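Summary of structural features
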Amino acid sequence: MAIASINPVTGEVLKTFIPLTDDELEQKLALADHTFATYKHTSFADRAQWINQAANILEAKKTEFAIIMTLEMGKTLQSAITEVEKCANLCRFYAEQAPIYLADTPAITDASRTLIRYQPLGSILAVMPWNFPFWQVFRFAIPCLMAGNVGLLKHASNVPQCALAIADIFHKARVPEGAFQTLLIGAERVAGLIADQRIKAATLTGSEPAGQSLAAIAGHHLKKVVLELGGSDPFIVLKSADLERAVSTAVTARIMNNGQTCIAAKRFILEEAIADQFVEQFVHKFKALKVGDPMQSDTDVGPLATPQILQDLESQVKASVDAGAKVLVGGYRLKQSGNFYAPTILADIPFGAPPYQEEFFGPVASVFRVKNINEAIALANSTQFGLGASIWTEEPEEIELAIEQIDAGSVFVNGMVKSDPRIPFGGIKRSGFGRELGMEGIREFVNIKTIWIR
Ligand code: NAP
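All values reported here derive from a predicted model rather than from experimental measurement.

**Side note on the overall build of the protein**
Along the backbone of the protein there are 14 helices and 20 strands. Relative to the 2.2 N^0.38 estimate, which gives 22 Å for 454 residues, the radius of gyration of the protein is 22 Å and therefore close to what a compact globule would have. The principal-axis extent of the C-alpha atoms belonging to the protein is close to 65 × 60 × 40 Å. Within the protein, buried positions represent 57% of all 454 residues. Intrachain contacts of the protein at a sequence separation of at least 6 include 71% that bridge at least 24 residues. Here the protein contributes 42 positive and 49 negative side-chain charges, whose respective centroids are spaced 4 Å apart.

**Side note on the packing of aromatic side chains**
Overall, the coordinates contain 16 aromatic pairs when judged by the stated rule. An aromatic cluster is defined as three or more aromatic residues linked by ring pairs; in this entry it consists of F235, F268, F278, F282, F286 and W392. Above the plane of the ring of F44 lies R47, whose end atom (NZ or CZ) is 5.3 Å from the centre. Just above the ring of W135 sits the side chain of K86; from NZ or CZ to the centre is 4.4 Å.

**Observations regarding the sheet that holds strand β10 (residues 233-237)**
One open sheet accounts for seven strands, arranged β12-β13-β14-β11-β10-β16-β17; its pairing is mixed. In the strand order of this sheet, the two ends are held by β12 (326-329) and β17 (410-413), each with one partner. Each strand of the sheet is rotated relative to its neighbour by a mean of 25°, with strand direction disregarded. Two elements, β10 and strand β16 (residues 388-392), share three bridges in a ladder whose sense is parallel. Considered in β16, the bridge of V237 is made with W392.

**Some points on the nonpolar core**
Residues L58, L125, F134, F138 and F170 are the most contacted members of the largest nonpolar core, which totals 121 residues. Broken down by element, the residue count for this core peaks at 13 residues, all from helix α4 (residues 77-101). Shared between two domains, this core takes at least three residues from each, and those domains are domain 1 (3-229 + 431-453) and domain 2 (233-420). F134 has contacts with L58, F65, M69, E83, C87, C162, A165, I166 and I169, leaving out every residue within four places of it along the chain. Formed by 30 residues, the second largest nonpolar core is a distinct cluster that contains F235, V251, A275 and V329.

**Considerations on the site of the ligand**
Neighbouring the ligand are 27 residues; W130, S157, S207, L229 and E359 lie closest to it. Contact distances for the ligand include 2.9 Å between an oxygen atom and a side-chain N or O atom of K154. Computed on the free molecule, the ligand has an accessible area of 900 Å², of which 85% lies beneath the protein chains in the complex. Where the shell around the ligand is concerned, the elements lending two or more residues are α5 (135-146), β8 (199-205) and α8 (208-220). Split by residue class, the shell around the ligand holds 13 nonpolar, 10 polar and four charged. For the shell around the ligand, the two domains that each supply at least three residues are domain 1 (3-229 + 431-453) and domain 2 (233-420).

**A look at the side chain of N381**
Mapped onto the elements of the fold, N381 is located in the loop between α12 (373-380) and β15 (385-386). Ignoring sequence-local partners within four residues, the contact set of N381 consists of Q405, I406, D407 and K429.

**A closer look at unusual backbone geometry**
Phi at K429 takes a positive value of approximately 50°, unusual for a residue other than glycine. Relative to the helices and strands, K429 resides in strand β18 (residues 428-429). For K429, a relative accessible area of 36% translates into the label partly exposed. Located in the positive-phi region is L437, a residue other than glycine, with phi close to 70°. The topology assignment puts L437 in the loop between β19 (432-433) and α14 (438-442).

**A closer look at the domain arrangement of the protein**
One can read the domain layout of the protein as domain 1 (3-229 + 431-453) and domain 2 (233-420). The centre of domain 1, based on its C-alpha atoms, is set 30 Å off from the matching centre of domain 2. Contacts between domain 1 and domain 2 engage 22 residues on the former and 27 residues on the latter. Ranking the residues of domain 1 by area buried against domain 2 places V9, W130 and S431 at the top, with a combined share of 26%. Between domain 1 and domain 2 we count zero salt bridges in total. At the boundary of domain 1 and domain 2, one finds 11 residue pairs in polar contact (both at pLDDT 80 or more). Counted by class, the side of domain 1 that touches domain 2 contains 11 nonpolar, six polar and five charged residues.

**A short note on the sheet that holds strand β3 (residues 105-107)**
Strand order in this open sheet of three strands is β3-β4-β20, and the pairing throughout is antiparallel. Since the sheet does not close on itself, it has two edges, and those belong to β3 and β20 (446-453), each with one partner. With direction set aside, neighbouring strand axes in the sheet form an average angle of 25°. Across eight bridges, the pairing between strand β4 (residues 113-120) and β20 is antiparallel. Note on β20: the bridge partner recorded for T114 is W452.

**Describing the state of the cysteines**
Inspection of every chain in the model, using the stated rule, returns zero disulfides. Note on C87: no disulfide assigned, nearest cysteine sulfur contributed by C91 at a separation of 7.0 Å. The thiol of C144 is unpaired, and the distance to the nearest cysteine sulfur, on C91, comes to 13 Å. What makes C144 buried here is its relative accessible area of 5%.

**Focus: helix α10 (residues 272-287)**
Taking 1.5 Å as the rise per residue, α10 with 16 residues should run 22 Å; its terminal C-alpha atoms sit 23 Å apart, in good agreement. Of all the bends in α10, the greatest measures close to 25° and is centred on F278. Where α10 is buried, its residues touch β10, α9 (243-255), β11 (265-271), β12, β13 (344-347) and β14 (364-370).

Rules of the game
Residues numbered from 1 in each chain as written. Predicted model: local features only at pLDDT ≥ 70, side-chain atom pairs only at ≥ 80, totals over all residues. Heavy atoms only, no water. Helix = DSSP H or I, 4+ residues; strand = E, 2+ residues; numbered from the N terminus. Rg over C-alpha atoms; globule rule 2.2 N^0.38 Å. Buried < 20%, exposed > 50% of the residue type's maximum accessible area, 1.4 Å probe, protein only. Contact = heavy atoms within 4.5 Å. Lys, Arg positive; Asp, Glu negative; His and termini not counted. Charge placed at Lys NZ, Arg CZ, Asp CG, Glu CD. Phe/Tyr/Trp six-rings, centres within 6.5 Å; stacked < 30°, edge-to-face > 60°. Lys NZ or Arg CZ within 6 Å of the ring centre and 35° of its normal. Pairing = 2+ DSSP bridges. Axes fitted to C-alpha atoms, helices over the stretch in contact; angles between N-to-C directions. Core = buried A, V, L, I, M, F, W, Y, C linked by side-chain atoms within 4.5 Å. Domains from an automatic or database assignment. Near = heavy atom within 4 Å. Polar contact = N/O pair within 3.5 Å; in protein donor to acceptor, adjacent residues only side chain to side chain. Areas by Shrake-Rupley, 256 points an atom, 1.4 Å probe, with all protein chains shown as cover. Nonpolar A, V, L, I, M, F, W, Y, C, P; charged D, E, K, R; others polar. Buried area = accessible area lost by both parts, 1.4 Å probe. Salt bridge = Lys/Arg side-chain N within 4 Å of Asp/Glu carboxyl O. Disulfide = S-S within 2.5 Å. Expected span 1.5 Å × (residues − 1). Bend = angle between axes of the 7 residues up to and from the residue.

Right under this line is the structure:
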């Protein structure tokens, strides 16, 4: 894929970029390696100062950065501003918390002193997606830098200006040169990087095929990877739920980021007793959504990021309808330029149709009806994914059952699934493995060194 910014509203090519030459790439790898030799000895206090400075820059220029995101991938400007603010909060949180997460941990053994120390590994490669072009990168970069590693970013080819802006933030924050670099390269050059002995580990957020490919190569070279892949999160609503809140949250959980979120609620699993009421309100709210220019403050849903995503979504809806699913609202692409798809709700979905197994990466909700919580959990668990899950009920036994039995990396009760700097994030099954964020996340890319002193 060419490295280019293309406005998803107009199709206009805003800017194209020439990928790094092999020599340029080599220089960046060498610089990262060289920088690590000294960066790993910097103090938490120094790192915190740089990262807090990055937060200051994010806050000061949030609208400027948000406009770049909106122009490159179409998220609403307001949500892009919120994303920049969230990155700044993450910086401040890890500046303070990393020394606690990475402090020596004592253990009791037969030795006079036993402890666990967390030491950085070196250059970590991050292969990142376009859907949260700032957040996904900061979620990797800040824990990585606070732990004393150096980071190399291969961002998605459709958000190069975001990638460059992020590198510039770290540069302006006076993070040592080479501690964080952007590599403008295509996906086909990731394999060579993984093979390079200077790259110690890698993380990828993106699709299953990309994850499979990276993990296979990393396995061959015996390097650690963290994978954050796709999801088809269930949103279960049972009869005791606060229906009004559940419906409002369901709409947000499905359409945020124009429906292109890994942890978006995608399958709405409703207990029979409240299903009609839920669906009526859900359809009503979907009909009221304003689709259009993401720069406008009253727009709810902007365009999909690329023509390919629009085409994929259209094919999935068509396949579902061909299989017998009913369209309650939407079900078509807008007849105008840009990658716009109408907010859509599918119901009466025959078993085996695409919503049962596939991820719909756009504003399409699939509604299912079940008799009780046991059926709801069985349906929730019936996909190959296991990223997040949301359940709505006031019954303590149902809450406990859901927490215990849903196969996912997170369960949110009476709230939507979200990623939060303070808690681990990640999935199971084909949604990936490893964690980002929280103590578990920051410890993914360190040498957990056991020290035993007689
Ligand atoms: P994608 O095609 O897999 O791209 C993601 C990144 O991987 C891009 O930088 C891409 O580079 C690179 N890439 C693609 N194929 C590769 C390969 N064979 N080897 C190495 N790198 C490769 O994903 P997408 O379609 O843009 O993103 C949507 C997917 O990401 C969805 O499935 C979504 O659920 C998932 N996602 C997951 C999370 C999470 O935290 N679990 C968060 C956000 C998104 P190019 O752009 O150069 O092709």
